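Summary of structural features
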Amino acid sequence: MSTSDPVVVIDHLALDFQTPDGLERVLRDVHMEIHAGEIVGLVGESGCGKSATAKLLLGVLPMPPARIASGRVTMFGKDIATLHWRERELAKRYIAYVPQDPMAALNPSFTVGEQMLDLIIWEACGRTLAAYAWNRRRRARVASARDRAIELLEKVYIADPAEVLGRYPVQLSGGMRQRVLLAMALSGKPRLMIADEPTTALDVTVQKRTIDLIKDLAAREGLAGLYITHDLGVAREICARTYVMYGGTTVESGPTAALLEAPAHPYTQGLLAAQPDLGGGMPSGIPGQVPDYLAPPPGCRFAPRCGERSASCEALPAARAYPGGRTVACWARAEEVPA
Ligand SMILES: Nc1ncnc2c1ncn2[C@@H]1O[C@H](COP(=O)(O)OP(=O)(O)OP(=O)(O)O)[C@@H](O)[C@H]1O
């Protein structure tokens, strides 16, 4: 894999879940590319398949009940379907995960230092239990892990890292906890950072600082980033390019600024109109609900909620490429070229 190759390529992915009620056809025709040094956004309302996509990349989606029905996911130059489980485990070292709720992700019974040391030693031992158990008791290993923990906390601009190592998560503010998690996410050898709504639990000013920090880290460490959010304003702040997902399909993608300036897909337009308006206007919302994946609409999954639907929408529209690096999957936009 050359350095210019994308870190992640998702190509025409379809993913099902076998459930007691039947087969849920969740992801259809999903596409995405993430390159080193860029943060890409994945936006869409709740239940659109954002987390299922992220979990698949993280290698934590249980298979079964999940199954790749068709298409391909390539990470670090390799098709994930062809990887041996051991290769898959090793690939996880290259992925940093930043969760939504920093309090739930940290164990309240252990200090920051204990949790960071555990993780650093686990990573240093190649994620093998026997080596971890042996090294966790070795003084020299613990001392070097402590140095590494301090170095990682410094990377996220924590002022007194040695002191913070001795604190319990409840003794830290929400923003500090999220910084600790960011530091922990860097403890392996990350090349890809997946952040799942990491600022939702934070207040607005801390949110802004955390977003700036994530941007700064991704640039400094040369990481590829996938940033999941339902907030288009946050996507505008942080993501160079954005993929909009509806009902398990990629309906639109492109450079974030252009996409938000002139959204082409009726769903993106509705999503934008549904954002709270600081000018005092009420957001309009999108009538209807995300599809039932046990019996999704046969064609375009947004059609039942779309004001522009026509007979063509009974077939699933393919994503069409437009100038400026944009794609739109919509029959009503078949001839139009967004500005
Ligand atoms: N483990 C699972 N077993 C069965 N179905 C699942 C499983 N995980 C996800 N799904 C299905 O995938 C759909 C999409 O879920 P997903 O969590 O990916 O949505 P999301 O866009 O991330 O929503 P949110 O923003 O609320 O997290 C769910 O509605 C559910 O039908």
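- In the annotation of an unreviewed UniProt entry, the entry for the protein reads ABC transporter ATP-binding protein, and the organism field reads Verticiella sediminum.
- Under the heading Sequence similarities (unreviewed entry), UniProt records this for the protein: "Belongs to the ABC transporter superfamily."

1. Digging into the overall build of the protein
- Each helix and strand in the protein was counted, giving 12 helices and 12 strands.
- In terms of overall dimensions, the protein is globule-like: its C-alpha atoms have a radius of gyration of 21 Å, near the 20 Å expected for 339 residues.
- Expressed along its principal axes, the backbone C-alpha trace of the protein runs to roughly 70 × 50 × 40 Å.
- Out of the 339 residues belonging to the protein, those deemed buried represent 37%.

2. Regarding the nonpolar core
- Counting residues in hydrophobic clusters, the biggest one holds 81 residues, and the most contacted among them are Val8 and Met193.
- Top element by residues in this core is helix 8 (residues 174-185). It accounts for seven residues.
- Here valine 8 is in contact with Met32, Glu33, Ile34, Leu57, Met75, Leu192 and Ala224, once residues within four sequence places are set aside.

3. Things to note about the site of the ligand
- Among the 14 residues in the neighbourhood of the ligand, the closest are listed as Phe17, Ser46, Lys50, Ser51 and Ala52.
- Listed by contribution, the elements that provide at least two residues to the shell around the ligand are strand 1 (8-19), strand 2 (22-34) and helix 1 (50-58).
- Here the residues of the shell around the ligand sort into six nonpolar, six polar and two charged.

4. Regarding the pairing of strand 9 (residues 241-246)
- With six of six residues buried, strand 9 lies mostly within the body of the structure.
- A two-sided burial pattern is seen for strand 9, the buried positions comprising Arg241, Tyr243 and Met245 on one face and Thr242, Val244 and Tyr246 on the other.
- Where strand 9 hands over to strand 10 (residues 249-255), the hairpin turn is made up of two residues, of which glycine 247 adopts a positive phi near 50 degrees.

5. Quick look at the sheet that holds strand 4 (residues 66-75)
- The four strands lie next to each other as 2-1-4-5, forming an open sheet whose pairing is antiparallel. Whereas interior strands pair on both sides, the edge strands pair on one side only; in this sheet they are strand 2 and strand 5 (78-79).
- Of the pairings in the sheet, the one linking strand 1 to strand 4 comprises eight bridges and is antiparallel in character. Across the sheet, the residue bridging to valine 9 is threonine 74, located in strand 4.

6. Re helix 9 (residues 204-221)
- Given a rise of 1.5 Å per residue, 18 residues ought to cover 26 Å, and the 26 Å separating the end C-alpha atoms of helix 9 matches this to within 8%.
- If you check which residues of helix 9 are buried, you get Gln207, Thr210, Ile214, Leu217 and Ala218. Viewed along the axis of helix 9, the buried residues span an arc of 95 degrees, placing them on a single side of the element. Within helix 9, the exposed residues directed more than 90 degrees away from the buried face are Thr205, Asp212 and Arg220.
- Contact partners of the buried residues in helix 9: strand 3 (39-43), helix 8, strand 7 (192-196), strand 8 (224-229) and helix 10 (232-238).
- Looking one or two residues past helix 9, glycine 222 carries a phi angle of roughly 65 degrees, positive in sign.

Quick notes on the rules
Residues numbered from 1 in each chain as written. Predicted model: local features only at pLDDT ≥ 70, side-chain atom pairs only at ≥ 80, totals over all residues. UniProt positions renumbered as here; feature names shortened; annotations may be inferred. Helix = DSSP H or I, 4+ residues; strand = E, 2+ residues; numbered from the N terminus. Rg over C-alpha atoms; globule rule 2.2 N^0.38 Å. Buried ≥ 20, exposed ≤ 12 C-beta atoms within 10 Å, placed from the backbone. Core = buried A, V, L, I, M, F, W, Y, C linked by C-beta atoms within 7 Å. Contact = placed C-beta atoms within 7 Å. Near = placed C-beta within 6 Å. Nonpolar A, V, L, I, M, F, W, Y, C, P; charged D, E, K, R; others polar. Pairing = 2+ DSSP bridges. Expected span 1.5 Å × (residues − 1). Arc of directions from axis to C-beta.

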